[in-house]
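# Breakdown of the fold
What follows is each chain in one-letter form.
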Amino acid sequence: MFPPFSTGAGKYHYPSHTIGIGFHMRIPIQEVTPGVERAEITGFVHELRDLGGLSFLLIRDRTGIIQVTIPKKKVPEAVLSAVREVSRESVVRVAGTVKAIEKAPGGRELIPETFEIISLAMSPLPLDVVEKVPAELDTRLDSRFLDARRPRVAAVFQIRNACMQAVYEHLFSAGFIQITTPKVVAAATEGGTELFPIAYFEKEAFLNQSPQLYKQMMMGAGFERVFEIGPIFRAEEHNTTKHLNEATSIDVEVSYADHHQVMELLEEIVIAAYRKVDTTCRPFLDLLEIQEFQVPSSPFPRLPYDEAIGIADRKIEEPIKYGDDIGTAAEKAIGEEMGSHYFIVDWPTAIKPYYAMPYQDDPTVCKAFDLMHPRMELSSGSERVHQYDLLVRQIQSKGLNPESFSFYLTPFCYGMPPHSGWGLGAERLVMTMLGLSNIREAVLFPRDRHRLVP
RNA sequence: GCCCAGGUAGUGUAGCGGCCUAUCAUGUCGGCCUGUCACGCCGACGACUCGGAUUCGAAUUCCGACCUGGGCGCCA
């Protein structure tokens, strides 16, 4: 049986052990408090400080760091020889007595009776885990496994995990069904973005840019509320701090809901993610030196597209007019004006995908929305076209061929509930939440224009 | 795809025609040190992306390749 959760009071809750034979005595470093008498810990050698008759080693596991103090005259010879041999970032097991002592970090230290090198690390290290010397992102990504040993890097992924947990909890409790849809597809589904072609036996295939068409088909299947959290692929040759060629999309589709209702859902989910991080990730926020963590409040302002253009036109040099896409400069200018999360609503039909539902009284405007953070777009969504004839006309008006979409269009002929949905970029959510300067910081193994390994 | 800036020890940097047998920090190795906590002190080790050109002389200038960062465009 996998061990239960421990309850380190006031701290982050990590699963306690026993993982694997021989490690049943191990306790997480966080739980070695001044009150404990004896402890066996396993972890990485974080730092070595030899003062002569006295040595200090810092041992790190994912819960924290503890000082192992070695008074050379008072510990067994076997401990001394192991300590002489050990290198930074080696994996070790240390067992001994715990001493409560003011001057040690965390108010306690471990005096070893046994010291075992489980896995010796080579030297020199590809980067400095202790962060005395910085490393460039490129160097860090080349050795991501080591980079992720740095508590501050791990903190980002703990926070990302908390966000995703909040999203799942919210969606499951609202009765959503999680689905998985193909990532290998036959045709360019939506137009617009470039796709990665791949070889699929004797056929040409692509990596999917979005689960859009599939989640809509599940509305046709009567699932009513579906979500998928998975990878999406874009073959754009962009080279920026906010684009990835492989990203994680949180995709949602809801039957019998209009765009207003799914905007409310989106708002709730973003706030739930912030709230989860606020209430459970304090130690990680501290590591990242984020003192003031603001949970955004609802409702987010709904800014009509034409007003957004007006703001941009007043604030930026380059001319912008109704019908234009909102470029980087405009996005920034509007973001400054709005100051917090906001929606841009009522977009021109011409610059949104064919599946966005036009208003009946003015079909040049559609029921599409973008969720914006002042720094960038986080999500886009819409009420969808559920009428077969209108959908075919819209596909044609985008210069696409309806015949290549027949698998998608057929369900619209056999009773399609009205529906709405959105896709939210997980990395962008984390990036904007934590003020990360580069989206690659929010992905373990980013795929960008130049990086395919690791 | 366009534009700009770069590529110097394991890592992060200084140097930008001769003062370079290349700076500093960190690291590693050796020595001293019993309360460090970025331990300290002494010593050593370790690098100019590659190819071509200019020049008496190139880390430094020029050309090309490769690689990197950033901005823009494009982008559910």
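Residues numbered from 1 in each chain as written. Chains lettered and ligands numbered in written order. Predicted model: local features only at pLDDT ≥ 70, side-chain atom pairs only at ≥ 80, totals over all residues. Heavy atoms only, no water.

### Some details on the protein's contact with RNA strand B
The condition that has to hold: Throughout, the term near means that a residue has one or more heavy atoms lying within 4 Å of the molecule or strand in question. Under the rule applied, a polar contact is a pair of N or O atoms within 3.5 Å (in protein, one hydrogen donor and one hydrogen acceptor; residues adjacent in sequence only if both atoms are side-chain atoms). For the purposes of this entry, the term helix denotes a DSSP run of H or I that reaches at least four residues, the term strand denotes a run of E that reaches at least two, and both are numbered from the N terminus. For this scheme, ten residues count as nonpolar: Ala, Val, Leu, Ile, Met, Phe, Trp, Tyr, Cys and Pro. Four count as charged, namely Asp, Glu, Lys and Arg, and the remainder, Gly too, count as polar.
Around RNA strand B, a shell composed of 48 residues is seen, among which Arg49, Arg234, Glu237, Thr328 and Ser380 lie nearest. The contact in question runs from a sugar or linking oxygen of RNA strand B to an N or O atom on the backbone of proline 126, over 3.4 Å. A distance of 3.4 Å is found between a phosphate oxygen of RNA strand B and a side-chain nitrogen or oxygen belonging to histidine 450. Mapped by element, the contributors of at least two residues to the surface near RNA strand B are strand S1 (38-50), strand S2 (54-61) and helix H2 (137-142). Ranked by residue count, the leading element in the surface near RNA strand B is S1, at 3 residues. Counted by class, the surface near RNA strand B contains 15 nonpolar, 17 polar and 16 charged residues.

### Focus on the pairing of strand S5 (residues 108-119)
Our working definition: Two strands form a pair only when DSSP identifies at least two bridges running between them.
Bridge count for strand S3 (residues 64-71) against S5 is 2 bridges, and the pairing is parallel. Counted as the bridge partner of glutamine 67 is glutamate 109 from S5. Two elements, strand S4 (residues 91-100) and S5, share 10 bridges in a ladder whose sense is antiparallel. Looking at the pairing, valine 94 lines up with phenylalanine 115 of S5.

### A short note on the pattern of salt bridges
Cut-off, in case you're wondering: Salt bridges are defined as contacts in which a side-chain nitrogen from Lys or Arg sits within 4 Å of a carboxyl oxygen from Asp or Glu. Partly exposed residues are those whose accessible area sits between 20% and 50% of the maximum for their type, while under 20% is buried and over 50% is exposed, using a 1.4 Å probe and protein chains only.
Tallying each qualifying case throughout the model produces 35 salt bridges. Residues glutamate 131 and arginine 150 are paired through a salt bridge, measuring 3.5 Å at the closest nitrogen-oxygen approach. Taken together, the positions of glutamate 131 in the loop between S5 and H2 and arginine 150 in the loop between helix H3 (144-147) and helix H4 (151-173) put the pair 19 residues apart, joining distant regions of the chain. With a relative accessible area of 30%, glutamate 131 lands in the partly exposed category. Under the relative-accessibility criterion, arginine 150 is labelled buried at 3%.

### Section: the packing of aromatic side chains
Two descriptors summarise a pair of aromatic rings, namely the distance from one centre to the other and the angle between the planes of the rings. Stated precisely, the cut-off is as follows: Within 6.5 Å between ring centres, the rings of Phe, Tyr and Trp (the latter by its six-membered ring) count as paired, and their orientation is classed by plane angle as stacked under 30 degrees, edge-to-face over 60, tilted in between.
In total, this model carries 14 aromatic pairs according to the counting rule given. Ring centres 5.7 Å apart and planes at 75° place the aromatic pair tyrosine 168 and phenylalanine 227 in the edge-to-face group. One end of the pair, tyrosine 168, is in helix H4; the other, phenylalanine 227, is in strand S10 (residues 225-233), with 59 residues separating them in the sequence. Exposure remark for phenylalanine 227: the relative accessible area of 1% places this residue in the buried category.

### Thoughts on the layout of surface pockets
Let me state the cut-off plainly: Residues are called lining when one of their atoms sits within 4 Å of a cavity or pocket point, these points coming from a 1 Å grid over the protein atoms alone, where a cavity is a set in which a 1.4 Å probe fits but cannot get out and a pocket is an open set with protein on both sides within 12 Å along at least five of seven lines. Grid points are joined across faces, edges and corners, and a volume is the space filled by probe spheres set on the points.
The computed volume of the second largest pocket comes to approximately 900 Å³. In terms of lining residues, the second largest pocket is bounded by 39 residues, among which Asp61, Arg62, Thr63, Gly64 and Pro151 are the most central. Secondary structure elements with two or more residues in the lining of the second largest pocket: S1, S2, S3, H4 and helix H7 (282-287). With 6 residues, the top contributor of residues to the lining of the second largest pocket is H4. Its residues placed into classes, the lining of the second largest pocket shows 20 nonpolar, 9 polar and 10 charged.

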